[in-house]
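Below, each chain spelled out in residue letters.
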Amino acid sequence: MDQNASFCHVFLSFRGETRNKFTCFLYEALKAEGFTAFMDRTAIRVGDEVDSTIKEGIRNSMSAIIIFSQNYAYSTWCLDELVLILERKKNSRYFIIPIFYEVEIRDIKHQLGNYGLALEKHRARHNDKVDKWKEALAEVGNILGQHVEGLQSTFIQNIVKLFREKLAAKFPECRLPTLEGPSSQGSSSSSMLRPKPSNDKVILYTISVNNGLGANGLVKKLLMSGNVVFEERNCSTESEYMRELEELVGNDRVRFPMVIVNGKDLCGEEEVEGLDDFENKQKLISVLNHLYVSAKTIENLRDMFSRSLTFQSSIQDQWINRRYS
């Protein structure tokens, strides 16, 4: 995947020593199965801070596979990536698959061997970060991971299978890339009929209550019909999602459900670039606008009813006051 792509199923965090021995093969195996993976192509990293491309890659991914190796902790970039990944995982469905390449889990969890030596070396220049890095390593050490063992090609196949299962469990509303079976590999008609997954970053913002309109399910069904990979963010359960949405569209423009495509409201005034291959794009826009009008009508009726009750109560109070004064 190109570094500048806006969406990916998985972010690959690794040290350069595994790039040509393991990580590139994992990347190609994921790609062959139809998954979009973010793999940093930069061989030499300049500076101490993780650049914006890496941060966006983590933010715009649905999961992370972290390849821990002997020298992983010697890279401050890798350690910063790890912290960002764990922060992304908090209060969301983001998941992590740790892979241990020629290194023991206990070395990571308890910072032993090269991991302990690396952190001590970092204290000279990054003393303010070391404790956070240690906490991150200890935390990720408690996540069930996989040791690289046996035939590497078989191991990678099993990792891709595990990744598919975890993605399906965490994001059941997302249609996964279709596996090519032996019978369909030579069939041009099957590949032509199957819509390609979009690389656009699509986020569906919802709330738990949708005025009884079944809005969330209707919008999700439409997105899934076009094989659109999207992430649902429920603003009722995570306040940070509401703040995020307000920053994107403005407080007075928040409506539910909202479909954000590449950072823009699909039904907003600005033209949205993306979902060009989604046949039901205009239908989705029409459905959303209809839902917004219906919700507004219900809101107006509630306000009218509330004002009517207030008026009736006021008249009743006046009558009582005149009757008994």
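Residues numbered from 1 in each chain as written. Predicted model: local features only at pLDDT ≥ 70, side-chain atom pairs only at ≥ 80, totals over all residues. Heavy atoms only, no water.

**Student:** Account for the sheet that holds strand E9 (residues 264-265), with residues named and values stated.
**Tutor:** If you walk across this open sheet you meet the four strands as E7-E6-E8-E9, and the pairing is mixed. Only two strands of the sheet have a single neighbouring strand rather than two, namely strand E7 (230-234) and E9. Looking at chain direction, strand E6 (residues 202-206) and strand E8 (residues 258-261) are connected through four bridges and run antiparallel. When the bridges of E8 are listed, Tyr205 appears paired with Met258. (Pairing = 2+ DSSP bridges. Helix = DSSP H or I, 4+ residues; strand = E, 2+ residues; numbered from the N terminus.)

**Student:** Requested: an account of helix H1 (residues 19-32), with residues and values cited.
**Tutor:** Of all the positions in H1, only Arg19, Phe22, Thr23, Cys24, Leu26, Tyr27 and Leu30 are classed as buried. Of the residues one or two after H1, Gly34 is the one with positive phi, at around 95°. (Buried < 20%, exposed > 50% of the residue type's maximum accessible area, 1.4 Å probe, protein only.)

**Student:** Can you tell me about a negative patch on the surface, naming the residues and giving the values?
**Tutor:** There is a patch of like negative charges on the surface, built from Glu271, Glu273, Asp276 and Asp277. Within the secondary structure, Glu271 is located in the loop between E9 and helix H10 (281-324). Of the residues examined, Glu271 reaches a relative accessible area of 69% and is grouped as exposed. (Patch = residues over 30% accessible without salt bridge, like charges linked within 9 Å, V, L, I, M, F, W, Y side chains within 5 Å. Areas by Shrake-Rupley, 256 points an atom, 1.4 Å probe, with all protein chains shown as cover. Salt bridge = Lys/Arg side-chain N within 4 Å of Asp/Glu carboxyl O. Lys, Arg positive; Asp, Glu negative; His and termini not counted. Charge placed at Lys NZ, Arg CZ, Asp CG, Glu CD.)

**Student:** Describe in detail the packing of aromatic side chains, supporting the description with residues and values.
**Tutor:** For the coordinates displayed, the defined rule picks out seven aromatic pairs. On the numbers, 6.1 Å between centres and 50° between planes, the contact of Phe22 with Phe155 is tilted. Here the residue Phe22 occupies a position in helix H1, and Phe155 occupies one in helix H6 (residues 152-170), the gap between them amounting to 133 residues. Summarising the aromatic geometry, the rings of Phe95 and Phe163 are spaced 5.8 Å apart at their centres and angled 40° between planes, so their arrangement reads as tilted. With Phe95 in strand E4 (residues 95-100) and Phe163 in helix H6, this pair connects stretches of sequence that are 68 residues apart. Judged by relative accessible area, Phe95 falls into the buried class, the value being 5%. Since its relative accessible area comes to 0%, Phe163 is described here as buried. These aromatic residues form a ring-pair network of at least three members: Phe22, Tyr101 and Phe155. (Phe/Tyr/Trp six-rings, centres within 6.5 Å; stacked < 30°, edge-to-face > 60°.)

**Student:** So what about helix H5 (residues 114-140)? Which residues, and what values?
**Tutor:** In a regular helix each residue adds 1.5 Å, so 27 residues correspond to 39 Å; H5 covers only 17 Å between its end C-alpha atoms and thus falls short of that length. Largest kink in H5: about 135°, centred on His126. Taken together, the buried positions of H5 are Tyr115, Gly116, Ala118, Leu119, His122, His126, Lys129, Val130, Trp133, Ala136, Leu137 and Val140. Along its buried surface, H5 packs onto strand E3 (63-68), helix H3 (76-89), E4 and helix H4 (105-109). (Expected span 1.5 Å × (residues − 1). Bend = angle between axes of the 7 residues up to and from the residue. Contact = heavy atoms within 4.5 Å.)

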